[in-house]
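Per-entry structural report
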Amino acid sequence: MRHTKQKERILQAVRTIPNHPTAEMVYDLLKPTNPRLSLATVYRNLNLFASQGKLLKLDIPSEPARYDANVHPHAHGVCDVCGMLMDIQIERYGDFLVDLKKYIERREDFRISDITMQIRGVCAACRAAAESAAAGTAGNAAAEVTEEAEEELKAANG
Ligand SMILES: [Zn+2]
Ligand SMILES: [Zn+2]
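What this report covers is the structure whose coordinates are included nearby. If you're wondering where the values come from, they're calculated on a predicted model, not measured in any experiment. (Residues numbered from 1 in each chain as written. Chains lettered and ligands numbered in written order. Predicted model: local features only at pLDDT ≥ 70, side-chain atom pairs only at ≥ 80, totals over all residues.)

Looking at the overall build of the protein
When helices and strands are tallied, the protein shows six helices and five strands. Secondary structure elements in the protein, listed N-terminal to C-terminal, are α-α-α-β-β-β-β-α-β-α-α. Split into buried and exposed, the 158 residues of the protein put 11% on the buried side. Of the contacts formed within the protein by residues at least 6 apart in sequence, a portion of 37% connects residues at least 24 apart. (Helix = DSSP H or I, 4+ residues; strand = E, 2+ residues; numbered from the N terminus. Buried ≥ 20, exposed ≤ 12 C-beta atoms within 10 Å, placed from the backbone. Contact = placed C-beta atoms within 7 Å.)

Observations regarding the environment of Cys79
Turning to its location among the elements, Cys79 is positioned in strand E3 (residues 75–79). Assessed through the 17 C-beta atoms surrounding it within 10 Å, Cys79 is described here as partly exposed. Sequence separation of Cys79 and Ala125 is 46 residues, and the distance between their C-alpha atoms is 9.9 Å. If we ignore the near neighbours within four places in the chain, the residues touching Cys79 are Met84, Gly121, Val122, Cys123 and Cys126.

Section: unusual backbone geometry
The residue Asn19 is not glycine, and still its phi comes out positive at about 65°. Here Asn19 is to be found in the loop between helix H1 (2–16) and helix H2 (23–30). Residue classification places Asn19 among the exposed residues on the basis of 12 C-beta atoms within 10 Å. Notably, Arg92 is not glycine yet its phi reads approximately 55°, a positive angle. Looking at the element boundaries, Arg92 is found in the loop between strand E4 (85–88) and helix H4 (93–107).

Remarks on the packing of H2 against helix H3 (residues 39–51)
To characterise two packed helices, one gives the angle between the axes of the helices and the distance between these axes. Where H2 contacts H3, the two axes come as close as 9 Å, and the packing angle between them is 125°. Judged by the angle between their axes, H2 and H3 are oblique. Note that H2 runs across H3; the crossing there is right-handed. Residue-level inspection shows Ala23, Glu24, Val26 and Tyr27 of H2 in contact with H3, the latter providing Leu39, Val42, Tyr43 and Leu46. Grouping the amino acids of the contact of H2 with H3 by side-chain chemistry returns seven nonpolar, no polar and one charged. (Axes fitted to C-alpha atoms, helices over the stretch in contact; angles between N-to-C directions. Parallel < 35°, antiparallel > 145°, perpendicular 65-115°, else oblique. Left-handed = near helix turned anticlockwise from the far one by under 90°. Nonpolar A, V, L, I, M, F, W, Y, C, P; charged D, E, K, R; others polar.)

A short note on the sheet that holds E3
Here we have three strands laid out as an open sheet, ordered E4-E3-E5, and mixed in their pairing. Looking at the sheet topology across the chains shown, the edges are occupied by E4 and strand E5 (118–121). Adjacent strand axes in the sheet meet at a mean angle of 30°, parallel and antiparallel pairs treated alike. (Pairing = 2+ DSSP bridges.)

Side note on the environment of Val14
As for its placement among the helices and strands, Val14 is situated in helix H1. Distance in space between the C-alpha atoms of Val14 and Asp68 is 6.7 Å, their sequence separation being 54 residues. Contact partners of Val14, with chain neighbours within four places excluded, come to Pro21, Val26, Leu55, Tyr67 and Ala69.

Let's talk about the nonpolar core
Core analysis: the largest hydrophobic core is formed by eleven residues, namely Ile10, Ala13, Val14, Ala23, Val26, Tyr27, Val42, Leu46, Phe49, Leu55 and Tyr67. If you list the elements that add at least two residues to this core, you get H1, H2 and H3. Excluding residues within four positions of it along the chain, Leu46 makes contact with Ile10, Ala23, Val26, Leu55 and Tyr67. (Core = buried A, V, L, I, M, F, W, Y, C linked by C-beta atoms within 7 Å.)

Let's talk about H2
Taken together, the buried positions of H2 are occupied by Ala23, Val26 and Tyr27. Along the axis of H2, the buried residues cluster in a sector spanning 100°; they form a single face. (Arc of directions from axis to C-beta.)

Okay, here's the thing in structure tokens:
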């Protein structure tokens, strides 16, 4: 019973924490109210949920694995500057991956088990921060910059 509750809390934490948490982020969230929880238990359960298809495990080279409560096929973008991991919705992404798999297997002697697409770039907040720094207004760089503010910056910069 206790273990079932603990498992539910771990799964729930991944759904609650925005931006695809790591095992440590889940642990940090739950630890204060679950003093007997260990990081090993969090890892074990996250990987169990991933193997059961209740979570997606996202392996990013040279970074800790991230977990995703959204198990519907979607792509991910990773910010080169701050490491932010965002969902990128691509229409008919699941079908696209099936087509890509068939396409590759028709041409190459290679049986595909999984395709992970990693889309790297720079997020809006980091671009805005870089633009204000370049414009010499780093002092009032906002953490979160709206699209309007970005447009204004572009206009101001010519
Ligand atoms: Zn960023
Ligand atoms: Zn995602």
